[in-house]
Amino acid sequence: ANSTDSIGISKCLEVLESFSSEFRSVEILQSQVNLGCKKACVRALDWFFDNSDFGVIIEDDVLVSESFIEFSSWAATEYQDREEIWFINGWSPFHRGEILEQPWLGRIPLFWGWATWKSRWLDARKDFMAIGSENPSDLLTNMKFPRSDSFDQYWRNCFNKVKEGYDTWDYPIIYRMWKDRKSTRLN
């Protein structure tokens, strides 16, 4: 880690440790080396779900509201038996600033404050990096928007980056969700 990283890491640790009085326990997984985005995130999620059956994942560049934590707690019970729902999203680009009366299903996970169950994470991890050559819109047969070449081209480029070794963990999960016809529940 460079000196800028060290300062940022120290500040993150201070924030995390300030939560220790709010929870029964706070455990922190740290690495002494920069693993890169994909390895670090997958390692952290695997570690987390080795110890928990459900969790709210808040990345280091996200600020969530208390209402999202409450919604996630409610959703953990409400949707635990609906295996087609893989994630609970905390952010929606479609209803900015609004708190919706009813949650809605979507097919694109938005990983800016989210929650999921251990079983869903383990399902998402199966064949994690196996991305096929299908047109992305062919994977989305239950979506209600016009298919377009630009949509296919954008997502094909994203998926090809993964095949070429791009350091990310979210595109493979999106591919798996679409291939397996899974959904997200958005607040």
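Right above here is the structure, for reference.
All values reported here derive from a predicted model rather than from experimental measurement. (Residues numbered from 1 in each chain as written. Predicted model: local features only at pLDDT ≥ 70, side-chain atom pairs only at ≥ 80, totals over all residues. Heavy atoms only, no water.)

(A) Just the overall build of the protein, in detail. Helix and strand counts for the protein come out as six helices and five strands. Helices (α) and strands (β) of the protein occur, in sequence order from the N terminus, as α-α-β-α-β-β-β-α-α-α-β. A total of 187 residues make up the protein; the buried ones form 33% of that total. Within the protein, residue pairs in contact and separated by at least 24 positions form 69% of the contacts whose partners lie at least 6 positions apart. Carbon and sulfur atoms make up 50% of the accessible area of the protein, which amounts to about 11,700 Å² in all. (Helix = DSSP H or I, 4+ residues; strand = E, 2+ residues; numbered from the N terminus. Buried < 20%, exposed > 50% of the residue type's maximum accessible area, 1.4 Å probe, protein only. Contact = heavy atoms within 4.5 Å. Areas by Shrake-Rupley, 256 points an atom, 1.4 Å probe, with all protein chains shown as cover.)

(B) Spotlight on the pattern of salt bridges. Tallied over the entire structure, the rule returns three salt bridges. Between R125 and D46 there is a salt bridge, with its nearest N and O atoms 3.0 Å apart. One end of the pair, R125, is in helix α4 (residues 118-125); the other, D46, is in helix α2 (residues 37-51), and 79 residues separate them in sequence. (Salt bridge = Lys/Arg side-chain N within 4 Å of Asp/Glu carboxyl O.)

(C) Focus on α4. The complete set of buried residues in α4 reads R120, W121 and A124. Angular distribution of buried residues about the axis of α4 spans 100 degrees; they occupy a single face of the element. Those residues of α4 that are buried lie in contact with α2, β2 (85-89), β4 (114-117) and α6 (170-179). One or two steps after α4, the chain reaches D127, where phi turns positive at roughly 45 degrees. (Arc of directions from axis to C-beta.)

(D) Representation of the nonpolar core. With 25 residues, the main nonpolar core has W155, F159, W169, I173 and W178 as its most contacted residues. Counting residues per element, the ones that place at least two in this core are α2, β2, α4, α5 (149-163) and α6. It is α6 that provides the largest number of residues to this core, a total of six residues. Core analysis: the next-biggest nonpolar cluster, separate from the first, contains nine residues, A76, Y79, I85 and I88 among them. (Core = buried A, V, L, I, M, F, W, Y, C linked by side-chain atoms within 4.5 Å.)

(E) Summary view of the pairing of strand β1 (residues 54-57). Where burial is concerned, the two faces of β1 differ: the one with G55 and I57 is buried and the one with F54 and V56 is not. Note that β1 and β4 share four bridges and pair antiparallel. Looking across to β4, one finds that F54 is bridged to W117. (Pairing = 2+ DSSP bridges.)

(F) Fine view of the packing of aromatic side chains. Within the structure shown, the criterion is met by 15 aromatic pairs. Pairing W114 with W169 gives two aromatic rings, centres 5.8 Å apart and planes at 25 degrees, and the pair type is stacked. In this pair, W114 is assigned in strand β4 and W169 in the loop between α5 and α6, connecting sequence segments 55 residues apart. What links up through ring pairs into an aromatic cluster is the set F151, Y154, W155, F159, Y166, Y171, Y175 and W178. In this arrangement the basic side chain of R120 is found over the ring face of W117, its NZ or CZ atom lying 4.0 Å from the centre. (Phe/Tyr/Trp six-rings, centres within 6.5 Å; stacked < 30°, edge-to-face > 60°. Lys NZ or Arg CZ within 6 Å of the ring centre and 35° of its normal.)

(G) α6, seen in detail. A large share of α6 lies buried, amounting to eight of its 10 residues. Looking one or two places after α6, you find R181, whose phi comes out positive at around 60 degrees.

(H) Examining the environment of D53 more closely. Assignment of secondary structure puts D53 in the loop between α2 and β1. Distance from D53 to W117, taken between C-alpha atoms, is 5.6 Å for residues 64 residues apart in sequence. When residues no more than four places from it in sequence are discounted, the contact partners of D53 are T116, W117 and K118.

Interpretation note: all reported values are geometric properties and have no functional meaning in isolation.
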